[in-house]
Amino acid sequence: MISAIIIDDNKRHREDVVTLLVDFPDINVVAQCANGFEGLEAIAFLKPQLVFLDVDMPNLNGFEMLEKIANIDFDIIFTTAFGEYAIQAFEIACLDYLTKPLNRDRFKIAMDRFNLSKGTREKLMHYQILIENQKKINSSSKKIALRDGSGTIHLFPINSIVYCSSAKVEDSNGAYTVFILLI
């Protein structure tokens, strides 16, 4: 389940987003905030993956609110009546910018972008975890599995590899790699 927060000073506009999200059952609206200060608290406490954010709100607008967040680790879809803030929104790497009144087809495009972004973000997280785990392992204990000509698999320490070269198998279309090892 994906957590989302809606931040808009207009209750009807918050309800419009909730209504459009009915088509996206994997999105769970965990908070609706009527101003930027409430939004800051909700983001800090609830750690959403997606924020629907109005730009023009009293006391603290959407951009001012985002400036107060040290690490924006969620996607932002702006929902506003003002088209003139779009360039500024994309400069801070928002996922999409929707103008009110919200259109169902355009909303679906924004959500498709979110799903694409989410998949990319998850892959990056997996790669980061893999890299961190590799750093934790002592390089002398890292091994590589190599198959010899008979098909038997042997494990060799990675730091024993001197160099590799490619070779072509005579009388076939195959190729292989020759590993020169210090053992």
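No experiment lies behind these values; they were computed from the predicted model shown. (Residues numbered from 1 in each chain as written. Predicted model: local features only at pLDDT ≥ 70, side-chain atom pairs only at ≥ 80, totals over all residues. Heavy atoms only, no water.)

S.K.: I'm lost on the environment of Gln-32 in this one. Help?
M.R.: Looking at the secondary structure, you find Gln-32 in strand S2 (residues 27-33). When the C-alpha positions of Gln-32 and Asp-9 are compared, they lie 9.7 Å apart, and in sequence the two are 23 residues distant. Gln-32 has contacts with Ile-6, Arg-14, Val-18 and Glu-38, leaving out every residue within four places of it along the chain. (Helix = DSSP H or I, 4+ residues; strand = E, 2+ residues; numbered from the N terminus. Contact = heavy atoms within 4.5 Å.)

S.K.: What am I meant to see in the packing of aromatic side chains here?
M.R.: Two aromatic rings, taken as a pair, are described by how far apart their centres are and by the angle between their planes. Under the counting rule described, the total for this entry stands at four aromatic pairs. Seen in terms of ring centroids, Phe-24 and Phe-107 are 6.0 Å apart; in terms of plane orientation they differ by 55°. Their pairing is tilted. Note that Phe-24 is positioned in the loop between helix H1 (11-20) and S2 and Phe-107 in helix H5 (residues 104-136), a separation of 83 residues in sequence. Seen in terms of ring centroids, Phe-52 and Phe-107 are 5.7 Å apart; in terms of plane orientation they differ by 15°. Their pairing is stacked. Residue Phe-52 is located in strand S3 (residues 50-53), and its partner Phe-107 is located in helix H5; the two are separated by 55 residues in the primary sequence. No difference in accessibility class separates Phe-52 from Phe-107, as the two residues are buried. Members of the aromatic cluster, joined through ring pairs, are Phe-24, Phe-52 and Phe-107. (Phe/Tyr/Trp six-rings, centres within 6.5 Å; stacked < 30°, edge-to-face > 60°. Buried < 20%, exposed > 50% of the residue type's maximum accessible area, 1.4 Å probe, protein only.)

That is the geometry; function is a separate question.
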